[in-house]
Amino acid sequence: MSGFSYFEHRTVPRPHRPEEPARGRHATGTRHAPPDYSAIERDARALLTVLPGLARGLAEAHRAGAGARLAGRLHEALGTARAVVADVLGLVDRLDGGRGRQRIDAEALRTARAVPWRTLLRREGAEPDAEQLEVAAAIATALGRLDPDAERGYADLRLDLHLLRRALRDAARRADHTHAQERLILLLGETGRIVSTVAVGLLAAAAAALQSRSPAAAAALVSVTGALVAPACQGVVELVRHWVAPPTVNERLVRAHDELRYVVEDLADHLDRAADPDPGGRRATVEETYSVALLLAGHAARLARSLDWASADGYVRAATRVGAVLGTALRAWRGERWAELEQAVLAVRDTAEGLREYHIPGDLAVHSLAGRDDIPSR
């Protein structure tokens, strides 16, 4: 057996990835440097050139049969698959360029719909891959019925890919069980299809933006690509959720903490653009993100209280402060007090930075909190 050829590659070249923009203290409305669309297009194309190796590697694994050798290869494959998803997330971040949701106008849609798919996917004079052409057709069809007011945007695709990567991490805990091998092969195959779909969409998005110099054309393609892979990502998450052992309290806190940071940062991004013309969906998005952040903050605080962790008290206070800081920002936003909102958003970003400073160990034990009344209850 020649091995998992696909999983021996780090798929996306690193030289073109810029430094991550600084988070934290910056004024609302800051102008972002335009993404390097040429570099993003090259990296998305490079990703597509190695993805076909996934199918070959899985076929070889099937022929190898069950056993310790296959289990070891699958465990290694899962780790590399997570790295591949991380590379795709990097491409999404670079294409977004820190702007978040983009208003998609008629001109942007015309540019996105005019992408020459066959030419774009052709490699070294050879005809494009049939599966990639099928993905391109699905994206083109979705573009034809895209409602800009209901577009999902970068944040939704980013969240789905984060959840996919976490599911792959959870699945790796069961990779050494013989009965799990068929499920792992199914999981890896579905991951390959998701990554391939996203890579095709990002390639087209970069090409469209490069042609028009319009980030909105790229946003249209990212929107429909995210909508196409969302059910598959959710399917993988559900598959793994019903398969792996229930997470410990410690693991649940790590997850809640990560999700809380993401949601608080997302809310700051939404509020940063609050004074822009509303495409119709921002108000509902802000309110929903705010509600989710409050629920996650309370959940994380409750989990932290139940663990024997030296930093638990400080973390509970930090999670509790989230509600107060976000509430101030929401009141300014609802009242359209833009000067006050600008300062409030800075406080929201500082809160996200404060959460970022907490490292939660992976070996915390659950303890009794009888008699402890020094921690805020909410």
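Residues numbered from 1 in each chain as written. Predicted model: local features only at pLDDT ≥ 70, side-chain atom pairs only at ≥ 80, totals over all residues. Heavy atoms only, no water.

> Go over the overall build of the protein with me, naming the residues and quoting the values.
In terms of helices and strands, the protein carries 13 helices and zero strands. Secondary structure of the protein in N-to-C order comes out as α-α-α-α-α-α-α-α-α-α-α-α-α. Here the analysis covers contacts within the protein between residues at least 6 apart in sequence; of these, 87% occur between residues at least 24 apart. Carbon and sulfur atoms make up 51% of the accessible area of the protein, which totals about 17,900 Å². (Helix = DSSP H or I, 4+ residues; strand = E, 2+ residues; numbered from the N terminus. Contact = heavy atoms within 4.5 Å. Areas by Shrake-Rupley, 256 points an atom, 1.4 Å probe, with all protein chains shown as cover.)

> Describe helix H9 (residues 215–241), listing the residues and the values that go with them.
Here H9 is 27 residues long and its end C-alpha atoms lie 36 Å apart, about the 39 Å a rise of 1.5 Å per residue gives. If you look at H9, its biggest bend is around 35 degrees, right at Val 229, and the proline Pro 231 turns up within four residues after that. (Expected span 1.5 Å × (residues − 1). Bend = angle between axes of the 7 residues up to and from the residue.)

> I'd like a description of the nonpolar core, backed by residues and values.
For soluble globular proteins, nonpolar side chains are generally found buried alongside one another. One finds Leu 95, Trp 117, Leu 143, Leu 161, Leu 187 and Leu 221 to be the most contacted residues of the largest nonpolar core, which totals 71 residues. Ranked by size, the runner-up nonpolar core spans 40 residues in total, among them Ala 301, Tyr 315, Ala 318 and Val 322. (Core = buried A, V, L, I, M, F, W, Y, C linked by side-chain atoms within 4.5 Å. Buried < 20%, exposed > 50% of the residue type's maximum accessible area, 1.4 Å probe, protein only.)

> Outline the pattern of salt bridges, listing residues and values.
As enumerated under the stated definition, the model contains 16 salt bridges in all. Across the salt bridge formed by Asp 43 and Arg 94, the nearest N and O atoms sit 2.9 Å from each other. Taken together, the residues span a long stretch of sequence, with Asp 43 in helix H1 (residues 37–50) and Arg 94 in helix H3 (residues 68–96) at a distance of 51 residues. In this structure, Glu 353 and Arg 356 form a salt bridge, with 3.6 Å as the shortest nitrogen-oxygen distance. With Glu 353 and Arg 356 both in helix H13 (residues 338–356) and three residues apart, the pair spans about one turn of that helix. Residue Glu 353 is classed as partly exposed on the basis of its relative accessible area of 26%. The class for Arg 356 is partly exposed, based on a relative accessible area of 35%. Salt bridges sharing common partners tie together Asp 93, Asp 96 and Arg 158. (Salt bridge = Lys/Arg side-chain N within 4 Å of Asp/Glu carboxyl O.)

> Run through unusual backbone geometry, naming residues and quoting values.
Non-glycine residue Glu 336 carries a positive phi angle of around 55 degrees. Positionally, Glu 336 belongs in the loop between helix H12 (312–334) and H13.

> An account of the side chain of Thr 197 is requested, with residue identities and associated values reported.
Summarising the element assignment, Thr 197 is placed in helix H8 (residues 181–212). Aside from chain neighbours lying at most four places away, what touches Thr 197 is Val 135, Ile 139, Thr 225 and Val 229.

> Tell me what's going on with empty space enclosed by the protein, and back it up with residues and numbers.
Applying the stated criterion across every chain, the model contains two cavities of 30 Å³ or more. Estimates place the volume of the second largest cavity at around 30 Å³. Of all the secondary-structure elements, those providing two or more residues to the lining of the second largest cavity are H1 and helix H5 (117–121). Across the lining of the second largest cavity, the residue classes break down as four nonpolar, one polar and two charged. (1 Å grid on protein atoms, 1.4 Å probe; cavity = no way out; pocket = protein on both sides within 12 Å on 5 of 7 lines; lining within 4 Å. Points joined across faces, edges and corners; volume = space filled by probe spheres on them. Nonpolar A, V, L, I, M, F, W, Y, C, P; charged D, E, K, R; others polar.)

> Explain the packing of aromatic side chains residue by residue, including any values.
Pairs of aromatic rings are described using the distance from one ring centre to the other and the angle between the two planes. What the rule picks out here adds up to three aromatic pairs. Geometrically, the ring pair formed by Trp 309 and Tyr 315 is tilted, given 5.6 Å between the ring centres and 45 degrees between the ring planes. Side by side, Trp 309 and Tyr 315 carry an identical accessibility label, which is buried. An angle of 75 degrees between the planes, with centres 6.3 Å apart, marks the rings of Trp 309 and Tyr 358 as edge-to-face. Here Trp 309, found in the loop between helix H11 (282–305) and H12, pairs with Tyr 358, found in the segment after H13; they are 49 residues apart in sequence, far enough to count as distant. Its relative accessible area of 10% is what places Trp 309 among the buried residues. (Phe/Tyr/Trp six-rings, centres within 6.5 Å; stacked < 30°, edge-to-face > 60°.)

> Lay out the packing of H8 against H9 in plain terms, naming residues and giving numbers.
Contact geometry of H8 with H9 gives a least axis separation of 8 Å together with a crossing angle of 170 degrees. On the basis of their axis angle, the class for H8 and H9 is roughly antiparallel. (Axes fitted to C-alpha atoms, helices over the stretch in contact; angles between N-to-C directions. Parallel < 35°, antiparallel > 145°, perpendicular 65-115°, else oblique.)

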